[in-house]
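Structural overview for review
One-letter residues, chain by chain:
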Amino acid sequence: MTNEEKNLEIVKIQEERILFEHFDNDDAWNLGSLIVEEARKAGKAIAVEIHINGYQVFRYGFNGTNGYNDWWLRRKINTVNMFHRSTLRIHYMPFAGEDDIYRDAHLDPQDYADMGGGFPIVVKGVGCIGVLAVSGLTHTMDHQTAVDGAARYLGIDDIEKVMEL
């Protein structure tokens, strides 16, 4: 198994474990604020957005982020909304012989991203109701920042991390 295939399996497990009992605007504020505070402590300049049903309910950009991060966030959010999967999962799928969103789904790379940092907000018994997106680091670290924040918010202490490749 390649490192890309290992990361794909880790991401699938993360998606199975990061499930919310409910998620509303207050949850978005609290989750987003937690991620911002953790990034501040770590000295990471990131941009974070949270959407619920296509509506932006949280956004923060550190000094040093800009319109380029906005472009990445939009594309990551579009991808999660389309597939209800994390963008890092979408990135690694072709390494395991699964679909490539550009070649197989014919999606425009100006509008969709196959780089990590977009993560589905899934409510148990409901499904994907939103997106958590991070931009500003490497795409695997954008992904892991989102996962770590969501896991911490949910009280999950033992979430496996993807490898930086």
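Above this text you will find the structure in question.
Residues numbered from 1 in each chain as written. Predicted model: local features only at pLDDT ≥ 70, side-chain atom pairs only at ≥ 80, totals over all residues. Heavy atoms only, no water.

Section: the packing of aromatic side chains
- Taken as a whole and assessed by the stated rule, the structure comprises eight aromatic pairs.
- Between W29 and F58, the ring centres sit 5.8 Å apart and the planes meet at 65°, which makes this aromatic pair edge-to-face. One end of the pair, W29, is in helix α2 (residues 25-42); the other, F58, is in strand β2 (residues 55-61), and 29 residues separate them in sequence.
- Overall, F58 belongs to the buried group, its relative accessible area being 6%.
- Directly above the ring of W71 sits R75, whose terminal nitrogen or CZ lies 4.1 Å from the centroid.
- Against the face of W72 rests R75, its NZ or CZ located 4.3 Å from the ring centre. (Phe/Tyr/Trp six-rings, centres within 6.5 Å; stacked < 30°, edge-to-face > 60°. Helix = DSSP H or I, 4+ residues; strand = E, 2+ residues; numbered from the N terminus. Buried < 20%, exposed > 50% of the residue type's maximum accessible area, 1.4 Å probe, protein only. Lys NZ or Arg CZ within 6 Å of the ring centre and 35° of its normal.)

So, the sheet that holds strand β1 (residues 47-52)
- The sheet built from four strands is open, its strands ordered β2-β1-β4-β3 with antiparallel pairing. Two strands in the sheet have a free side with no partner beyond their single neighbour: β2 and β3 (118-123). Going from strand to strand, the sheet's axes swing by 15° on average, the running direction of each strand aside.
- Where β3 meets strand β4 (residues 127-135), six bridges bridge the pair, whose relative direction is antiparallel. Across the sheet, V123 pairs through a bridge with G127, a residue of β4.
- Those strands touched by α2 are β1, β2 and β4, and its axis lies near 15° from that of β2.
- Contacts from helix α3 (residues 67-83) reach β1, β2, β3 and β4, with the element oriented near 160° to β4. (Pairing = 2+ DSSP bridges. Axes fitted to C-alpha atoms, helices over the stretch in contact; angles between N-to-C directions. Contact = heavy atoms within 4.5 Å.)

Observations concerning α3
- Compared with an ideal rise of 1.5 Å per residue, which puts 17 residues at 24 Å, α3 spans 25 Å between its outermost C-alpha atoms and is within 8% of the ideal.
- Along α3, the positions that sit buried rather than exposed are N69, W72, L73, R75, K76, I77, T79 and V80.
- After α3 finishes, the residue H84 shows a positive phi value of roughly 55°. (Expected span 1.5 Å × (residues − 1).)

Just distances and angles here, no functional claims.
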